Amino acid sequence: MANSAVERRISRRTVHRSRSTAVSVALGVLILVAAWIGTESVLKAVGSGPLLADPQTVVDAALRPDAAFVTIAEVVAVVLVVLGIVLVVLALKPGRQHRAVVTHDRGAVLIDTRIVASTAQNAANTAANVPDGHTTAVSRGRRTDVRVVPVSGMPVDQARVEDAVRDRLSQLDERFGKHVRVHVEENGTLS
Amino acid sequence: MTRSNRTLNRIILFVLGLVAIVAGLVVGAGVLPAVRDALTSTVTLPRRVQVSSESLWIVAVVCAVVIVLALLWIATRGRGGTSIAARETNGDDQVTVNVALVRDVVDHELAGVRDVVGNRVDTYRVRGSRAARIRVAVRRGGDAVAALEAVDRALEQLDHTLGREIPVLVHLTGGTRSALTKQVRVA
């Protein structure tokens, strides 16, 4: 784990996604809409012709559209609601990325779960003594699942593989080692 | 790592989302009978709104303010990066360590490590102090334990070179570069 307050802060901010991109895109759309509304208002106020539609027409069309605007109003309504739900979900979800914080004496260390999985896979490969591609590993959070497909006629000791994987992952962080599951397929294949 | 205010980011997203949903429902109530029926029990929407000529200028000014604030917010995202990794003041003398030195030390120590295909170092100002972020790209199918050991050696060398421990974040990633490299089989 991180040692100083600064390291804790930066590791927390790396595990959770920043919404800066989402905010910038949403604000960009808002700017376009506001610019259009503002321009139309000013044009109406100084008495020039509208760009697309003057404010009164827009308000009328939004509240009680006549036949010509029904489809447009429907599409706009659906798009707005869907966009709004997406934004609210983005705002409320924790936004964790696939990374795990690791206890370490120097610095704050973060590891992508994909790499934790490949580490487990390597260890299982060596312990089971099967060729490459006979093991697959999946990591989620601190849990790691390994699947081993034995080579026909060469039994694989499940406990031995599990120990090896647990051992390897414990070198990264003890908590990884506690949640290891190894599954050995019953039917082997030829490599 | 950057200085963007993440809570405010969330609040802005939430408010914009709510505004979009409400606007969508109001427009939808005009065309979709189902939406109208669902809404009539709770709110009554005006059938017609007269846009008066005085309100036009108010609308225009509000739009201008919104645009300026939004542009400001977008422009200030992602600040906090710096090229100075450490600064030491001793009386009138001042020593600054550029990020290039940190980069060189880390590069040199990680060169030739089998499971590491690349690294990127940047420094940031965090809460008044300076912190380095070292992103280490691990080869596809590579071993995190070996990579972390190599990084530890690099950090030791870095601490030795700088004469003090700066806060660091080590991030072992499988970036796009490592996705393109070959898997290495250890016999």
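Here the structure is a predicted model, which is why all the values come from computation and not from measurement. (Residues numbered from 1 in each chain as written. Chains lettered and ligands numbered in written order. Predicted model: local features only at pLDDT ≥ 70, side-chain atom pairs only at ≥ 80, totals over all residues.)

**A short note on the domain arrangement of chain A**
As far as domains go, chain A holds domain 1 (17-92) and domain 2 (99-184). Each of domain 1 of chain A and domain 2 of chain A has a C-alpha centre, and the two are 51 Å apart. (Domains from an automatic or database assignment.)

**Comments concerning the interface of chain B and chain A**
A common way to express how large an interface is: the accessible area buried when the components associate. Across the boundary between the two partners, chain B contributes 66 residues, which contact 65 residues of chain A. Among the elements of the structure, helix H1 (6-31), helix H3 (53-75), strand E5 (129-138), helix H5 (144-162) and strand E6 (168-173) of chain B are those that each provide at least two residues to the side of chain B that touches chain A. Per-element accounting of the side of chain B that touches chain A gives the leading share, 19 residues, to H1 of chain B. When the residues that make up the side of chain B that touches chain A are grouped by side-chain class, the tally is 42 nonpolar, 14 polar and 10 charged. (Contact = placed C-beta atoms within 7 Å. Helix = DSSP H or I, 4+ residues; strand = E, 2+ residues; numbered from the N terminus. Nonpolar A, V, L, I, M, F, W, Y, C, P; charged D, E, K, R; others polar.)

**Structural notes on the sheet that holds E6 of chain B**
Sheet architecture is open: six strands sit in the order E1(A)-E2(A)-E6(B)-E5(B)-E4(B)-E1(B), paired in mixed fashion. Whereas interior strands pair on both sides, the edge strands pair on one side only; in this sheet they are strand E1 (99-102) of chain A together with strand E1 (81-82) of chain B. With six bridges connecting them, E5 of chain B and E6 of chain B associate as parallel partners. Across the sheet, residue Ala-137 of chain B finds its bridge partner in E6 of chain B, namely Thr-173 of chain B. In this fold helix H1 (residues 5-15) of chain A packs onto E1 and strand E2 (108-112) of chain A together with strand E4 (116-126), E5 and E6 of chain B, with an angle of close to 15° to the strand it touches most, E2 of chain A. (Pairing = 2+ DSSP bridges. Axes fitted to C-alpha atoms, helices over the stretch in contact; angles between N-to-C directions.)

**A closer look at the domain arrangement of chain B**
Structurally, chain B comprises domain 1 (6-75) and domain 2 (81-180). Computed over C-alpha atoms only, the centres of domain 1 of chain B and domain 2 of chain B are separated by 47 Å.

**Thoughts on the pairing of E1 of chain A**
All names here are of chain A. Two strands pair when backbone bridges link them, and E1 and E2 are joined in this way by four bridges, in the antiparallel orientation. By the bridge assignment, Val-102 is partnered in E2 with Val-109. If you look at the hairpin formed by E1 and E2, you'll find five residues sitting between the two strands, and Gly-107 has a positive phi there, around 80°.

**Description of the pairing of strand E3 (residues 93-98) of chain B**
Within E3 of chain B, only zero of the six residues are buried, which leaves it mostly out in the open. Here strand E2 (residues 84-90) of chain B hands over to E3 of chain B after two residues, with Gly-91 of chain B in that stretch at a positive phi of 65°. (Buried ≥ 20, exposed ≤ 12 C-beta atoms within 10 Å, placed from the backbone.)

**Some remarks on the packing of helix H2 (residues 20-46) of chain A against H1 of chain B**
Two elements in contact, H2 of chain A and H1 of chain B, have axes separated by 10 Å at closest approach and are oriented at 40°. On the basis of their axis angle, the class for H2 of chain A and H1 of chain B is oblique. When you trace H2 of chain A past H1 of chain B, the crossing you get is left-handed. When H2 of chain A is examined against H1 of chain B, the residues Ser-20, Ala-22, Val-23, Ala-26 and Leu-30 of chain A are found in contact with a partner set consisting of Asn-9, Ile-12, Leu-13 and Leu-16 of chain B. (Parallel < 35°, antiparallel > 145°, perpendicular 65-115°, else oblique. Left-handed = near helix turned anticlockwise from the far one by under 90°.)

**Quick notes on the confidence of the model for chain B**
Residues of chain B with pLDDT of at least 70 account for 90%, and the chain-wide mean is 84. In the predicted complex, the global pTM is 0.77; the interface-specific ipTM is 0.77. (pLDDT = per-residue confidence, 0-100.)

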